[in-house]
Each structure stands twice: as structure tokens, then as C-alpha cells.
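# What the coordinates show
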Amino acid sequence: MSIAPRWAALAAATAAVLAVTTTGCSSDSDDGKSESKSGKEAAASATASPSGPGGPAPSAGSGDGSVPTGPGPQSSYTVQKQPAPGTCTYRYTAAKEPLPDPKCTPGATNPKVTPDTLKTTICRAGYTKDIRPPTNITNREKTANAASYGYKKSLREAEYDHLISLQLGGDPNDPRNLWVEPPSPGHKDGAGPNNPKDVVETKLKNAICSGKADLRKAQQAIARDWTTALAAVGVKDDGKGRREGADADDG
């Protein structure tokens, strides 16, 4: 065989090797770009959905009328961080009854209270007293929450209210379930909290425990608007009622 054909065969083989090598490098480079892009997308997703103490205030629910679930009763309570001062706005009904800001106070339920545990939780006498946070915790939260809502009047006249009350399976110390509730119309200065919402809560609890109202529907109704909650679950408002003593919310 002549030298020329040998050189031609060698050149062809070298070109083939170079082609394979170059193709392999290109593929690795594309994979690297793909992995880099995936990492950036994951980081962007995490940034767009922050969670924890530094994240945005939890929303009222999924849009189906549900409310968030809180951590439930604790063996030892700690002071919970409240919304930033001036970021919450009261709403008022046509009758001038106060309602909370749903962005700040959407309500939160106690996971220990379910339709299957009613007899051992809210329908058991003294249950709410057992799970209520101490006043050395709630008094500090109340002061901070008053700043959240821009409440300037005497805190002695306002109730630090569980939006979904403890006797309706509300979470004891989730900041989403507590707000400084101003006095209702007709309140006399110096008389302390005298809140008609408490009567509504007791009637709803009695209806739940007697099987005349659904727990979840009652929780959703009072979180939405306590003044219409009885009608929303089909409980007749006879205009009578009283605050349920030991089971009423602390003010």
C-alpha cells in the first residue's frame, strides 16, 4: 500500500475521533445550562413563596370558606408577634358593630377540636379554662395588637378577643385568631368590655353540642361576620342570652 492512502486513512480516523469528542462536550455543556436554569427557577420559586416569621401574613383560607388551622393548645405559651403597627383596619357593620381586618385576623382553629372530639373538648365543662393562655402573655399581645389596629382608647374598655372563640374550637394563641375588639355601640365608659359577640358564641356552642349546628360551618360563619353567624348556620336569635362565665373569652 502506498504512503498516501495510509495518510488518508489516518486523517479520516482522526476526524471521526474529534467529532465524537466535540459532540460529547456540547452535550455536557447543555446539561450544565439546564441544571443551572433549574436551580435558578427553584430559587425564584422559594423567593416568591416565603414562609415562616419573615413571610407575609397568612391568608384567610383557600377561598372555599375555610380558615387556617393553628398550632393548638400548648403546655407553655409564649408571646406571639403581632402585625406591624398601623397595618390593620377595623371594619364596621351598618349597625356600627366592629369586625376585624381579614388580612390580619382571618381566624384560626384548634386542631384538637373536631366533630369527633366535641364531648371531650368544647362540650366538656371547663375545657376552655384548661387551654386559655395566661394574662401575662395575652396582656403583652393585646398592647401590641392595639398598635397593629391603631386602637388609641383605653384597653380596659376593649376585649382581646378570640375571633373564633375557644368554646367554638378557636386556637388559643395563634395571632391570626386574636384582635383588640372595640366596644359595641351603647357601651358605657368605665364599664369594661361588655361584648354582644360573646352571647353569639355561647349560642353557637350550645347549638353545636346539641347537634343543631355543624362545627366547621359555625367556625367559618363567625370568622366571616359574628353579627350574621347565627343566621348563617340556622340558629334562631331570640335576643336573649348571656356571657358564659368561665368559658367566655378573656378581655
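Going by the structure above, here's the rest.
Residues numbered from 1 in each chain as written. Predicted model: local features only at pLDDT ≥ 70, side-chain atom pairs only at ≥ 80, totals over all residues. Heavy atoms only, no water.

Each turn of an α-helix holds 3.6 residues, which means side chains three or four residues apart point in the same direction. In this model helix α4 (residues 196-209) runs 21 Å from its N-terminal to its C-terminal C-alpha over 14 residues, within 8% of the 20 Å that 1.5 Å per residue would give. Counted residue by residue, α4 has 11 buried out of 14 residues, so it is predominantly covered. All of the buried residues along α4 are K197, D198, V199, V200, E201, T202, K203, L204, K205, A207 and I208. Considering only its buried residues, α4 is in contact with β3 (159-162), β4 (178-181), α5 (215-224) and α6 (229-232). Structurally, the start of α4 carries an N-cap: the backbone nitrogen of K197 is 2.8 Å from a side-chain oxygen of N195. (Helix = DSSP H or I, 4+ residues; strand = E, 2+ residues; numbered from the N terminus. Expected span 1.5 Å × (residues − 1). Buried < 20%, exposed > 50% of the residue type's maximum accessible area, 1.4 Å probe, protein only. Contact = heavy atoms within 4.5 Å. Polar contact = N/O pair within 3.5 Å; in protein donor to acceptor, adjacent residues only side chain to side chain.)

Another aspect to go through is the state of the cysteines. Applying the stated criterion to the full structure yields 2 disulfides. In this model, C88 is linked to C104 through a disulfide, with the two sulfur atoms separated by 2.1 Å. Judged by the torsion about the S-S bond (-100°), the C88/C104 disulfide is left-handed. Linking C88 in the loop between α1 (3-48) and β1 (91-92) with C104 in the loop between β2 (98-99) and α2 (127-131), this pair joins segments that are 16 residues apart in sequence. (Disulfide = S-S within 2.5 Å.)

Side-chain alternation along β4 places L178 and V180 on one buried face and W179 and E181 on a second face that is also buried. With 4 bridges connecting them, β3 and β4 associate as antiparallel partners. If you follow H162 over to β4, its bridge partner there is L178. (Pairing = 2+ DSSP bridges.)

Tallied over the entire structure, the rule returns 4 aromatic pairs. With a centroid separation of 4.6 Å and an interplanar angle of 25°, the aromatic rings of Y90 and Y149 are classed as stacked. Residue Y90 is found in the loop between α1 and β1, and its partner Y149 is found in helix α3 (residues 135-149); the two are separated by 59 residues along the sequence. Of the two residues, Y90 and Y149, both sit in the buried class. A ring pair is formed by Y90 and W179, whose centres lie 6.2 Å apart and whose planes are at 55°; its orientation type is tilted. Taken together, the residues Y90 in the loop between α1 and β1 and W179 in strand β4 connect sequence positions 89 residues apart. The exposure class assigned to Y90 is buried, which follows from its relative accessible area of 15%. (Phe/Tyr/Trp six-rings, centres within 6.5 Å; stacked < 30°, edge-to-face > 60°.)

Counting 39 residues, the largest nonpolar core has I122, V180, V200, L204, I208, I222 and V235 as the members making the most contacts within it. Looking at this core, the elements with two or more residues in it are α2, α3, β4, α4, α5 and α6. Element by element, the count of residues in this core is highest for α5, at 5 residues. Every residue in contact with V235, bar those within four places of it in the chain, is listed here: L204, A207, A213 and L230. (Core = buried A, V, L, I, M, F, W, Y, C linked by side-chain atoms within 4.5 Å.)

Looking now at the pattern of salt bridges. One pass over the full model with this rule turns up 5 salt bridges. Its salt-bridge partner being D130, residue R124 comes within 3.3 Å of it at the nearest N-O pair. D174 is the salt-bridge partner of R176, the closest N and O atoms lying 2.7 Å from each other. For the residue pair R176 and D174, the accessibility class agrees, reading buried in each case. Several salt bridges share partner residues, and in doing so they unite D161, K197 and E201 into one network. (Salt bridge = Lys/Arg side-chain N within 4 Å of Asp/Glu carboxyl O.)

This brings us to the side chain of N177. Residue placement: N177 occurs in the loop between β3 and β4. We classify N177 as buried; its relative accessible area is 0%. Separated by 3.0 Å, the side chain of N177 and the backbone oxygen of D171 make a polar contact.

Mapped onto the elements of the fold, Q220 is located in helix α5. Here the alpha-carbon distance between Q220 and T109, two residues 111 residues apart in the chain, equals 9.7 Å.

A few words now on the packing of α4 against α5. Interaxial distance between α4 and α5 falls to 10 Å at its minimum, and their mutual angle equals 165°. Judged on the interaxial angle alone, α5 and α4 are roughly antiparallel. Read as a crossing pair, α4 and α5 show a hand that is right-handed. Along the contact surface, α4 presents K197, V200, E201, L204 and I208, while α5 presents L215, A218 and I222. When grouped by side-chain class, the residues that make up the contact of α4 with α5 number 6 nonpolar, no polar and 2 charged. (Axes fitted to C-alpha atoms, helices over the stretch in contact; angles between N-to-C directions. Parallel < 35°, antiparallel > 145°, perpendicular 65-115°, else oblique. Left-handed = near helix turned anticlockwise from the far one by under 90°. Nonpolar A, V, L, I, M, F, W, Y, C, P; charged D, E, K, R; others polar.)

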